[in-house]
Amino acid sequence: MKPAAFTYLAPRTIDEALSQLADAGGDARILAGGQSLVPAMAYRLAQPSILVDVNGLTDAPPLAEEDGRLEIGPLVRHQDLRRLSPQRPLGALLSSMAEKVGPWPVRCRGTFCGSLAQADPASEWALAVVALDVNLTLESRQDGPRSVPASEFFAGVMATTAREDEMMTAATIAELPGATRWGFSEFGRRTGDYATVLALALYELKGGRMTRVRIATGGAEAVPRRLSEVEEALEGSAPSKPRFLQAAELAAEIIDPLEDYQADALYRRDLVRSMVLRALQQTTR
Ligand SMILES: Cc1cc2nc3c(=O)[nH]c(=O)nc-3n(C[C@H](O)[C@H](O)[C@H](O)COP(=O)(O)OP(=O)(O)OC[C@H]3O[C@@H](n4cnc5c(N)ncnc54)[C@H](O)[C@@H]3O)c2cc1C
């Protein structure tokens, strides 16, 4: 199939893009890397009458590390994150996750913000922003910029709380303290495909004990989320295999698993158990 007819707009500034979105009255879609939207249009699953191609924006914030924060603008590609310095925990974590986002051509075109806007429950970046308590900046002509915590952004499978006239102009992530240990694990049927289940584990090791524990899963439920019960069970204890096994068991118990052609509920629980355990085990490497 071929896409339905559409009007193509190529704004040069964010303000111009926001005006075009506002004037379209909900009939426009932003085109970023096109790695999700273009196939959807080709199959006519998406039929926007206006396409606002943001790739020519001259004022889009780039990938920048300053004042202990990483700012990711709307044209930052997955592959750009692959190049972050592995010397600091955040750079090492995001670089390692970037490697798992689709095949290489997708990583070169697809954007971090586009992936969040797409809201696939198995997106690596959706999991990362929820686990890392990231603030997302959404902008519209009507209201200007507003900051939304990642935990309030995802509303369901492929659904977000963003309005149709809003554009995500940045994601801001605080640097992780030097004592941060992290582990990331995902299972997918084929290399380069979306994973079925992903898990991320983070904590700071202080006096041999885990503090500020964060455990999050993606692909397991309709939206990625932190598993607070599992975090509480680990907080303050020393990292050990028995503790990790208990935590993985608890994670498998408390999720409300998605069911689809890839995995039924039982299989997804099994995957959650395995991915959480592997992510935790990686923290001690
Ligand atoms: C073969 C293949 C394998 C893939 N595997 C993975 C994978 O393993 N993990 C993974 O996470 N992804 C995977 N993807 C998807 C890929 O990561 C896409 O890049 C991503 O989902 C969308 O980013 P994009 O920049 O291409 O957005 P586009 O396709 O251009 O847009 C996607 C949606 O987001 C909206 N949008 C884009 N940018 C913004 C913005 N700044 N503000 C508001 N809305 C915006 C668009 O309007 C559209 O609705 C895969 C894709 C393919 C084709």
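Data block above holds the structure.
The notes below deal with the structure included here. Just so you know, these numbers come straight off a predicted model, no measurement behind them.

Counting its secondary structure elements, the protein chain contains 10 helices and 14 strands. Over its C-alpha atoms the protein chain spans a radius of gyration of 19 Å, differing by no more than 12% from the 19 Å that the globule rule assigns to 285 residues. Across the 285 residues that make up the protein chain, the buried fraction comes to 50%. Considering only residue pairs separated by 6 or more positions, the protein chain has 63% of its internal contacts joining residues 24 or more positions apart. Accessible surface computed for the protein chain: about 13100 Å², of which carbon and sulfur atoms make up 49%. Taken as two groups, the 31 positive and 37 negative side-chain charges of the protein chain have centres that lie 7 Å from each other.

Attention now moves to the packing of helix α4 (residues 89–98) against helix α7 (residues 124–131). Direction vectors running N to C along α4 and α7 enclose 160°, while the axes themselves pass 10 Å from each other. If you check the angle between α4 and α7, you find them roughly antiparallel. Where α4 crosses over α7, the handedness of that crossing is right-handed. For the pair formed by α4 and α7, the contact residues are Leu 94, Met 97 and Ala 98 on the first element and Glu 124, Trp 125, Leu 127 and Ala 128 on the second. For the contact of α4 with α7, a count of residues per class yields 6 nonpolar, no polar and 1 charged.

Turning our attention to the site of the ligand. In the vicinity of the ligand lie 30 residues, with Ile 30, Ser 36, Leu 37, Thr 111 and Glu 124 positioned nearest. Between an oxygen atom of the ligand and a side-chain N or O atom of His 78, the distance comes to 3.0 Å. Taking Ser 115, its main chain carries an N or O atom lying 3.5 Å from an oxygen atom of the ligand. Here the ligand, which alone exposes 960 Å², has 88% of that area covered by the protein. A molecule is said to occupy a pocket when more than half its atoms come within 2 Å of that pocket's grid points, and by this definition the ligand occupies the largest pocket. Of all elements in the fold, only β2 (28–31), α6 (112–118) and β10 (167–174) reach the threshold of two or more residues within the shell around the ligand. If you tally residues by element for the shell around the ligand, the top one is α6, at 5 residues. A class-by-class count of the residues in the shell around the ligand yields 13 nonpolar, 13 polar and 4 charged.

With that settled, consider the nonpolar core. In terms of nonpolar packing, the biggest core is built from 43 residues, with Leu 81, Leu 94, Leu 116, Trp 125 and Leu 132 touching the most fellow members. For this core, the secondary structure elements donating two or more residues are β5 (69–72), α4, α6, α7, β6 (135–140), β10, β11 (180–187) and β12 (197–206). Among the elements that take part in this core, α7 stands out by supplying 7 residues, more than any other. Filtering out sequence-adjacent residues up to four positions away, Leu 116 remains in contact with Trp 125, Ala 126, Val 129, Leu 136, Phe 153, Phe 154, Thr 160 and Met 168. Of all hydrophobic cores here, the second largest spans 23 residues; its members include Ala 201, Ala 251, Val 276 and Ala 279.

It is worth spelling out unusual backbone geometry at this point. The backbone of Arg 44 sits at a positive phi, close to 60°, despite the residue not being glycine. When you line up the elements, Arg 44 lands in the loop between α2 (37–42) and β3 (50–53).

Tracing the backbone through its elements, the reader meets Thr 191 in the loop between β11 and β12. Sequence separation of Thr 191 and Met 168 is 23 residues, and the distance between their C-alpha atoms is 29 Å.

Thresholds applied
Residues numbered from 1 in each chain as written. Predicted model: local features only at pLDDT ≥ 70, side-chain atom pairs only at ≥ 80, totals over all residues. Heavy atoms only, no water. Helix = DSSP H or I, 4+ residues; strand = E, 2+ residues; numbered from the N terminus. Rg over C-alpha atoms; globule rule 2.2 N^0.38 Å. Buried < 20%, exposed > 50% of the residue type's maximum accessible area, 1.4 Å probe, protein only. Contact = heavy atoms within 4.5 Å. Areas by Shrake-Rupley, 256 points an atom, 1.4 Å probe, with all protein chains shown as cover. Lys, Arg positive; Asp, Glu negative; His and termini not counted. Charge placed at Lys NZ, Arg CZ, Asp CG, Glu CD. Axes fitted to C-alpha atoms, helices over the stretch in contact; angles between N-to-C directions. Parallel < 35°, antiparallel > 145°, perpendicular 65-115°, else oblique. Left-handed = near helix turned anticlockwise from the far one by under 90°. Nonpolar A, V, L, I, M, F, W, Y, C, P; charged D, E, K, R; others polar. Near = heavy atom within 4 Å. Polar contact = N/O pair within 3.5 Å; in protein donor to acceptor, adjacent residues only side chain to side chain. 1 Å grid on protein atoms, 1.4 Å probe; cavity = no way out; pocket = protein on both sides within 12 Å on 5 of 7 lines; lining within 4 Å. Sits in = over half its atoms within 2 Å of the grid points. Core = buried A, V, L, I, M, F, W, Y, C linked by side-chain atoms within 4.5 Å.

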